[in-house]
Amino acid sequence: MSHRKFSAPRHGSMGFYPKKRSQRHRGKVKAFPKDDASKPVHLTAFIGYKAGMTHIVREADRPGSKVNKKEIVEAVTILETPPMVVVGAVGYIETPHGLRALVTVWAEHLSEDCRRRFYKNWYKSKKKAFTKASKKWQDDLGRKSIERDFKKMIRYCKVIRIIAHTQMKLLKQRQKKADIMEIQLNGGTIKDKVQWAREHLEKPVPISNVFAQDEMIDCIGVTKGKGYKGVTSRWHTKKLPRKTHKGLRKVACIGAWHPSRVSFTVARAGQKGYHHRTEMNKKIYRIGAGIHTKDGKVIKSNASTEYDLTEKSITPMGGFPHYGEVNNDFIMLKGCCMGPKKRVITLRKSLLVHTKRVALEKINLKFIDTSSKFGHGRFQTPADKASFMGQLKKDRIREETAAAAPATSQAQS
């Protein structure tokens, strides 16, 4: 009988099997945090769009560690999170087979980007979705049935979730369809939850109402697709020796003579990437406000810190590569997260109670890098670049044409 010369652990985890393309593009929350009636009513998840990465400098606060009170540089991911709009509420009852949706109430008005989601081809459709459902709110009979549904929720339901969608009009993306999801309401009694849902129908909910600074959260999404790959890339199996016949990026033995079939645990070629994944314990370093006006002034300084008072936006010079500018609210997470740029990422509150020192550490950013992410960025702001480079030829030509324009208009008159 043959045997292997050296034993080794298997390549790749079977926990992520089957490695096939995800059925859904937006990450699905498969478990919401446990409800606690003693807390006020709050949302447990949100949707963001991956813009890109940068790095920050901060002072570590880890007593006993060698790095304590020293400056450290860390990579961070920026997710753009415009406010989500609540358009409905769903009540669930508990059955022996799990939760079952008992009643759903939709808002009177649904925006165009929300209704686009219900069609494959919006341009060719009659755009009639929810025209009859919205009429319920206008006559007495309809209002009575809505009132009855809300009473049913309070009386029978054990779990209340809201239906919310993203606002694609605020993002400069090609996609026009909003991403819609059910978000569980936790905290308070069932009556409080239903009341909260009623009050917030058709209203935007910002990210600052859901998450807080220094909180640990989970990211749920679909990874970057890599296509059809061989075993070396897909399972990281060892390459065969150089002189191997018919290729060396293969598995040498795919099983014994008997049983006379290939076991499912043997590494084979196939799909790599575009898998649904949940990454836990991502620390929030900053929840930034988008570009807004305050007392008649436009405020863009959402990347400034106590130590770096330069007025600068989180968007790096020249924009985030393959994304563009971040003008809405954003969330800054430590490290990386799944998917390419523009990928929709579901953010969920952590299922665990965090007690570790790393999770409870207070984050005080000293510096956020906004230099160009395309090449070797040297300048943090356009003003920084202008002061170093001096007047450029294009600036001089622009000034000359601007000065010449009034003179030509006077000559013509």
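Let me begin by describing the structure that accompanies this report. Every value quoted in this text rests on a predicted model; they were computed, and no experiment measured them.

**A few points about the overall build of the chain**
Item 1. Secondary structure summary: the chain contains eight helices and 17 strands in total.
Item 2. Scored against the burial criterion, the 413 residues of the chain give a buried share of 41%.
Item 3. The contacts of the chain with a sequence gap of at least 6 include a subset with a gap of at least 24, amounting to 75%.
Item 4. If you sum the accessible surface of the chain, you get close to 25,400 Å²; carbon and sulfur atoms cover 54% of it.
Item 5. Within the chain, the 36 negative side-chain charges are centred at a point lying 14 Å from the centre of the 86 positive side-chain charges.

**Considerations on the nonpolar core**
Item 1. Grouped together as the largest cluster of nonpolar side chains are 65 residues, with contacts concentrated most on Met153, Ile162, Phe211, Ile331, Met332 and Leu347.
Item 2. At six residues, strand β2 (residues 45-59) tops the list of elements feeding residues into this core.
Item 3. Discounting chain neighbours no more than four positions away, the residues touching Met153 are Ala89, Val90, Gly91, Val103, Val105, Ile160, Ile190 and Val194.
Item 4. Among the nonpolar cores identified, the runner-up in size contains nine residues, and Val87, Val90, Tyr92 and Cys114 belong to it.

**Topic: the packing of helix α3 (residues 140-156) against helix α4 (residues 190-200)**
Item 1. Between α3 and α4, the least distance of the axes is 9 Å, while the angle of their chain directions is 145 degrees. Residues Glu147, Phe150, Met153 and Ile154 of α3 form the contact with α4, whose participating residues are Ile190, Lys191, Val194 and Arg198.
Item 2. Its residues placed into classes, the contact of α3 with α4 shows five nonpolar, no polar and three charged.

**A look at unusual backbone geometry**
Item 1. Along the chain, Tyr17 connects to Pro18 via a cis peptide bond; the corresponding omega equals -5 degrees.
Item 2. With respect to the secondary-structure elements, Pro18 resides in the segment before β1 (42-43).
Item 3. In this structure, Pro259 follows His258 across a cis peptide bond, with omega equal to 0 degrees.
Item 4. Phi is positive for Lys127, which is not a glycine, with a value near 60 degrees.
Item 5. One non-glycine residue, Phe130, lies in positive phi territory at about 65 degrees.
Item 6. With respect to the secondary-structure elements, Phe130 resides in the loop between α1 (112-115) and α2 (131-135).

**Topic: α3**
Item 1. Taking 1.5 Å per residue, 17 residues should reach 24 Å; α3 reaches 24 Å between its end C-alpha atoms and fits that length.
Item 2. Summarising the contacts, the buried residues of α3 are in contact with β4 (84-95), β5 (98-106), β6 (159-165) and α4.

**Some remarks on the environment of Glu94**
Item 1. Structurally, Glu94 can be placed in strand β4.
Item 2. When the C-alpha atoms of Glu94 and Cys157 are compared, they prove to be 7.6 Å apart, with 63 residues separating the residues in sequence.

**What about the pattern of salt bridges?**
Item 1. Going through the model one piece at a time under the given rule, you end up with 18 salt bridges.
Item 2. Among the ionic pairs, Arg58 bridges to Glu74, the shortest N-O distance being 2.8 Å. Residue Arg58 is found in strand β2, and its partner Glu74 is found in strand β3 (residues 71-80); the two are separated by 16 residues along the sequence. Here Arg58 matches Glu74 in class, with each residue buried.
Item 3. Connected via shared salt-bridge partners are Arg58, Arg62, Glu74, Lys334 and Glu361.

**So, a nonpolar patch on the surface**
Item 1. Side chains of Met280, Leu351 and Leu352 sit close together on the surface and give an oily, nonpolar patch of about 270 Å² of accessible area.
Item 2. Residue position: Met280 is located in strand β12 (residues 276-288).

**Describing the packing of aromatic side chains**
Item 1. Within the structure shown, the criterion is met by seven aromatic pairs.
Item 2. Relative to Phe118, the ring of Trp106 lies with its centre 6.2 Å away and its plane at 85 degrees, an arrangement referred to as edge-to-face. Here Phe118 lies in the loop between α1 and α2 and Trp106 lies in strand β5, a separation of twelve residues in the sequence.
Item 3. Look at Phe118 and you get partly exposed, because its relative accessible area is 34%.
Item 4. For the ring pair Tyr119 and Trp122, a centre distance of 5.6 Å and an interplane angle of 65 degrees mean the geometry is edge-to-face. Just as Tyr119 is buried, Trp122 falls in that class too.
Item 5. An aromatic cluster of at least three residues, connected via ring pairs, comprises Tyr17, Trp235 and Phe264.
Item 6. The cationic tip of Lys19 hangs over the ring face of Trp235; the distance from NZ or CZ to the ring centre is 4.3 Å.

What counts and how
- Residues numbered from 1 in each chain as written.
- Predicted model: local features only at pLDDT ≥ 70, side-chain atom pairs only at ≥ 80, totals over all residues.
- Heavy atoms only, no water.
- Helix = DSSP H or I, 4+ residues; strand = E, 2+ residues; numbered from the N terminus.
- Buried < 20%, exposed > 50% of the residue type's maximum accessible area, 1.4 Å probe, protein only.
- Contact = heavy atoms within 4.5 Å.
- Areas by Shrake-Rupley, 256 points an atom, 1.4 Å probe, with all protein chains shown as cover.
- Lys, Arg positive; Asp, Glu negative; His and termini not counted.
- Charge placed at Lys NZ, Arg CZ, Asp CG, Glu CD.
- Core = buried A, V, L, I, M, F, W, Y, C linked by side-chain atoms within 4.5 Å.
- Axes fitted to C-alpha atoms, helices over the stretch in contact; angles between N-to-C directions.
- Nonpolar A, V, L, I, M, F, W, Y, C, P; charged D, E, K, R; others polar.
- Expected span 1.5 Å × (residues − 1).
- Salt bridge = Lys/Arg side-chain N within 4 Å of Asp/Glu carboxyl O.
- Patch = residues over 30% accessible without salt bridge, like charges linked within 9 Å, V, L, I, M, F, W, Y side chains within 5 Å.
- Phe/Tyr/Trp six-rings, centres within 6.5 Å; stacked < 30°, edge-to-face > 60°.
- Lys NZ or Arg CZ within 6 Å of the ring centre and 35° of its normal.

In short, the description is geometric, and any link to function would need to be established separately.
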